[in-house]
Amino acid sequence: MSAFPDIETLTDAQSLLHYGRDWTRFWTPAPERVVFPRSTDDVVALVRWAGSSDRRLVPSGGRTGLSGGAVAPGGEVVVSLEKMRRQIELDAVEPSLTVEAGMPVGEVQRTAREAGLFYPVDWAAAGSSQVGGSIATNAGGIRVLRYGMTRQWVRGLVVVDGRGQVLRLNRGLVKNNSGPDLGQLMIGSEGVLGIITEATLALTRPPPTQSVLLLAFADLAALMPALAALQKALSLSAFEFFDRRSVARVEAHTGSSFPLAERADFHAVVEFDDPDGACTDAALQAFEALVEAGHVTDGILSQSEAQAAELWRWREAITESIAPATPYKNDLSVRVSRVPGFLGALEALIARHYPEFEVVWFGHIGDGNLHMNILCPEAMDVADFRAACDGLSPRVFALVREYQGSISAEHGVGLLKRDYLHYSRDAAEIDALRGLKALFDPEGLLNPGKLLA
Ligand code: MLT
Ligand code: ZN
């Protein structure tokens, strides 16, 4: 057994609770200790120590995850990357930014902006999430429609695998066809193959000024024709939908009043490029055509950046507004055109089997990604609620399989969805994933129990 390396450590109860969990509330955190490496060498020393002293490591970023991927419920050692947050290189020519994994994603966005550039992957928790975690979970967010997921923006990684080997992957290259890209394997691997310590992220030019439409739809079937028409008329960067219950929850949480006179079952926030108001007429024409076709019943077009930000709040504030009701989150995806049929079938399923549940729907409908949040009834104990949701999950995921979708579009599998992985990945794929785990982490030191049972 090797001696514990000289690395800052906390063991007090409050720190164990704070660093031992993410945003999920279904598991009781119980790590042995929390450690704060300051370099890739420190992470190597921790992995070697864990191997020689029968410890398991849980990599930890901003812990904003929603699937229990950063929870340490069984005496693990939490490896917080938060002291590794240095900027290593800003290359304005490529352009790219190389940073340590603990830098908050919000700081990446700010650094890019200050250099006249743009890091486009964005979601409500981006400010407190960290680069390493966002890569390990392949974070998506609100502008995937235009910019894709985190995966598309990673040019290089430094990873310490479960053998204590340092893998320097792709080294920031734009082109590199020298065999399979191991970095892509690490993206979305949820910390079970390696601990990311550095990343090179591609940047781009900032978009022009943008405007926002807030729309009320006549019914579910109207969503796809509206998306298609708006995509044809405008250059969209987001098409985010939410239901009537989302609006009620945000109103109750924020105290704001919804700005549309018409309260519909489904709404969307639509963001589009509008340099100097050049696309305002096209937006209004598209809106009027949708009203005439009977798809849209009401809407507002932002008149300023401040108003655009206010309209966005109706979508962005949903997660925080429903958090007190301990939502059981489902993060599902199907092919974009199949969303309305899938959503309708899910609603019917829940109404038939669990009519007592309040379900809040929102998500990135332009990406085929639906967030189905089941809220815990006030009078119900959280453990009983979790058990009831676990009873519902096989039915929901059977429907996902029928629609050839995914049980996790962007939140990851973690602990929450691990036992359902076979609903959207077949046995041969899961077998290959196990082979990768055995290759990169033969002793099973990294993030035990996550992703794979
Ligand atoms: C979102 O789309 O707002 C995020 O995925 C968070 C959530 O689903 O609650
Ligand atoms: Zn989302």
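Residues numbered from 1 in each chain as written. Chains lettered and ligands numbered in written order. Predicted model: local features only at pLDDT ≥ 70, side-chain atom pairs only at ≥ 80, totals over all residues. Heavy atoms only, no water.

Enquirer: Explain the overall build of the chain here, please?
Expert: From N to C terminus, the chain includes 14 helices and 16 strands. For 453 residues, the compact-globule estimate of 2.2 N^0.38 gives 22 Å, and the chain sits close to it at 22 Å. For the C-alpha atoms alone, the extent of the chain along its principal axes is close to 75 × 55 × 45 Å. Here the chain holds 453 residues, and the buried ones make up 56% of them. In the chain, once contacts between residues fewer than 6 apart in sequence are set aside, the share between residues at least 24 apart is 73%. When the accessible surface of the chain is totalled, it reaches about 18,900 Å², and 49% of it is carbon and sulfur. For the chain, the separation between the mean place of its 42 positive charges and that of its 56 negative charges on side chains is 5 Å. (Helix = DSSP H or I, 4+ residues; strand = E, 2+ residues; numbered from the N terminus. Rg over C-alpha atoms; globule rule 2.2 N^0.38 Å. Buried < 20%, exposed > 50% of the residue type's maximum accessible area, 1.4 Å probe, protein only. Contact = heavy atoms within 4.5 Å. Areas by Shrake-Rupley, 256 points an atom, 1.4 Å probe, with all protein chains shown as cover. Lys, Arg positive; Asp, Glu negative; His and termini not counted. Charge placed at Lys NZ, Arg CZ, Asp CG, Glu CD.)

Enquirer: Where do I start with the coordination of the zinc ion (ligand 2) in this structure?
Expert: Coordination angles at a metal have ideal targets, namely 109.5 degrees for four tetrahedral donors and 90 or 180 degrees for six octahedral donors. Summarising the metal site, the zinc ion (ligand 2) is bound by the protein donors His364 (NE2), His371 (NE2) and Glu410 (OE), whose distances to it range over 1.8 to 2.1 Å. Sequence spacing among the residues donating to the zinc ion (ligand 2) works out to H-x6-H-x38-E. Of this pair, His364 sits in strand β15 (residues 358-364) while Glu410 is found in the loop between α13 (382-402) and α14 (427-440), placing the two residues 46 residues apart along the sequence. For the pair formed by His364 and Glu410, the shared burial category is buried. (Donors = N, O, S within 2.8 Å, 3.2 Å for Na, K, Ca; no water.)

Enquirer: What am I meant to see in the sheet that holds strand β2 (residues 33-36) here?
Expert: Two pairing modes exist for strands in a sheet, parallel and antiparallel, and in both the strands are linked by backbone hydrogen bonds. Spatially, the 4 strands line up as an open sheet ordered β1-β2-β4-β3, and their pairing is mixed. One side of each edge strand has no neighbouring strand; the edge strands of this open sheet are β1 (8-10) and β3 (57-60). Direction aside, the axes of adjacent strands within the sheet are offset by 25° on average. Looking at chain direction, β2 and strand β4 (residues 77-80) are connected through 3 bridges and run parallel. If you follow Val35 over to β4, its bridge partner there is Val79. Against the sheet, helix α2 (residues 40-52) makes contact with β2, β3 and β4, and its axis sits at roughly 155° relative to β3, the strand it touches most. (Pairing = 2+ DSSP bridges. Axes fitted to C-alpha atoms, helices over the stretch in contact; angles between N-to-C directions.)

Enquirer: Honestly, the environment of Arg86 in this entry has me stumped. Any pointers?
Expert: You can see Arg86 is positioned in the loop between β4 and β5 (87-91). A sequence separation of 120 residues divides Arg86 from Pro206, and the C-alpha atoms of the two residues are 23 Å apart. Apart from residues lying up to four places away in sequence, Arg86 is in contact with Val99, Glu100 and Met103.

Enquirer: What is the right way to look at the side chain of Ser15 in this model?
Expert: Tracing the sequence through the fold places Ser15 in helix α1 (residues 13-19). With residues up to four places along the chain from it excluded, the contact list for Ser15 reads Leu10, Gly20 and Val34.

Enquirer: I keep staring at the packing of helix α7 (residues 223-233) against helix α9 (residues 280-292) and nothing clicks. Help me out?
Expert: Relative placement of two packed helices is described by the angle separating their axes and the distance separating the axes. Put simply, α7 and α9 touch, their axes get as near as 10 Å, and they point 155° apart. With respect to their mutual orientation, α7 and α9 come out roughly antiparallel. When you trace α7 past α9, the crossing you get is right-handed. Contacts between α7 and α9 involve Pro225, Ala226, Ala229, Leu230 and Ala233 on the former and, on the latter, Ala282, Ala286 and Leu290. (Parallel < 35°, antiparallel > 145°, perpendicular 65-115°, else oblique. Left-handed = near helix turned anticlockwise from the far one by under 90°.)

By themselves, these figures tell us nothing about what the structure is for.
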